[in-house]
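What the coordinates show
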Amino acid sequence: MPGGGKAVELAPDRLSGWFERFGQRHGGIQRTELAERRVEVLAADGAVAAVTVPFEPLPPPHGVRPGLVVQPLVEHLGKPRSIGLVLVRRGAHSVGIARNGEVEKSTTERHLVQGRSKAGGWSQQRFARRRQGQSRRAFESAADAVARVLLPARLDAVVVGGDRKALASLRDDPRIRELLDRAEPRVLDVPEPRRAVLDEAARRAIAVEVEVHEPAGRVDAP
């Protein structure tokens, strides 16, 4: 991960137990720092485990607390939310609405987008134009799905995943630009979207990444 360290993705119901084990591995927890957008836990040996707070800001009180105090974060993550999901790759898209990690409404579609051609000359140019047209139609179809499924809904958050260039292409559609601008910063790394991938994304949407920085000279598994 950027800046060193490593990251582990955890569902809300696993978070408290993970931090307790983190403290056991590192000689106890010295303090917890609670802020609107970040929670940091400092162990006695200098190890740090941190979470970027998703969705709305963590409610007060904030500040430094002695020992392990992650229950406010767990409660924040456990709040019921209606989450819009947008998964896009060049060959498929899957759009849905999830609540408590379960998909309640969705649509998935695959697209024919041919791979790159090794031919040269005019043949390669014709192939490139055909592929460009297929990609454009695929992204238009994905944008239509987002507008149809998500715009009428009352959403508490939006989570996206897939190919970043494909997701950026969707922002060219003025109908959904504002909705996509609301998306959480984290982009889920997912394979070609299909319903099973959307179901997994719904569970991951309410999970968080814990950044783990070990003390100098020590390497430990999260």
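The sections below set out a description of the structure shown in this document. (Residues numbered from 1 in each chain as written. Predicted model: local features only at pLDDT ≥ 70, side-chain atom pairs only at ≥ 80, totals over all residues. Heavy atoms only, no water.)

As for its position among the elements, His 76 is in helix H2 (residues 71–77). Only 2.9 Å separates the side chain of His 76 from the backbone oxygen of Pro 54, close enough to count as a polar contact. In this structure His 76 touches Val 53, Pro 54, Phe 55, Glu 56, Pro 57, Leu 58, Pro 59 and Arg 81, once residues within four positions along its chain are discounted. (Helix = DSSP H or I, 4+ residues; strand = E, 2+ residues; numbered from the N terminus. Polar contact = N/O pair within 3.5 Å; in protein donor to acceptor, adjacent residues only side chain to side chain. Contact = heavy atoms within 4.5 Å.)

Two elements, strand E2 (residues 29–34) and strand E3 (residues 38–43), share five bridges in a ladder whose sense is antiparallel. Within the sheet, the bridge partner assigned to Arg 31 lies in E3 and is Leu 42. Here E2 folds back onto E3 in antiparallel fashion, the turn holding three residues. By the bridge criterion, five bridges tie E3 to strand E4 (residues 48–52) in an arrangement that is antiparallel. Counterpart to Arg 38 in the pairing with E4 is Thr 52. Between E3 and E4, which pair antiparallel and follow one another directly, the connecting turn spans four residues, one of which, Gly 46, has a positive phi of 100°. (Pairing = 2+ DSSP bridges.)

Turning our attention to helix H1 (residues 12–25). The terminal C-alpha atoms of H1 lie 21 Å apart, and with 14 residues this matches the ideal 20 Å at 1.5 Å per residue to within 8%. Looking only at H1, the buried set comprises Pro 12, Leu 15, Trp 18, Phe 19, Phe 22 and Gly 23. Each buried residue of H1 lies within a common arc of 135° when the element is viewed along its axis, so the set occupies one face. Among the exposed residues of H1, those oriented more than 90 degrees off its buried face are Asp 13 and Gln 24. Gly 27 sits one or two residues past H1 and shows a positive phi near 80°. (Expected span 1.5 Å × (residues − 1). Buried < 20%, exposed > 50% of the residue type's maximum accessible area, 1.4 Å probe, protein only. Arc of directions from axis to C-beta.)

On to the nonpolar core, then. Membership of the largest hydrophobic core comes to 24 residues, with the highest contact counts inside it found for Leu 15, Trp 18, Phe 19, Phe 22, Leu 73 and Val 210. Contributing elements (two or more residues each) for this core: strand E1 (6–10), H1, E2, E3, E4, H2 and strand E11 (208–213). The biggest single contributor to this core is H1, with four residues. In contact with Leu 73, other than residues within four places in its own chain, are Leu 15, Val 39, Val 51, Val 53 and Leu 58. (Core = buried A, V, L, I, M, F, W, Y, C linked by side-chain atoms within 4.5 Å.)

On to the sheet that holds strand E9 (residues 157–162), then. Spatial strand order, E8-E7-E6-E9-E10: five strands in an open sheet with mixed pairing. In this open sheet, the two strands that pair with only one neighbour each are strand E8 (102–110) and strand E10 (187–188). Relative to E8, strand E7 (residues 92–99) runs antiparallel, the two being bridged by eight bridges. Along E8, the bridge assignment pairs Arg 99 with Glu 102.

Nothing here speaks to function; it is geometry throughout.
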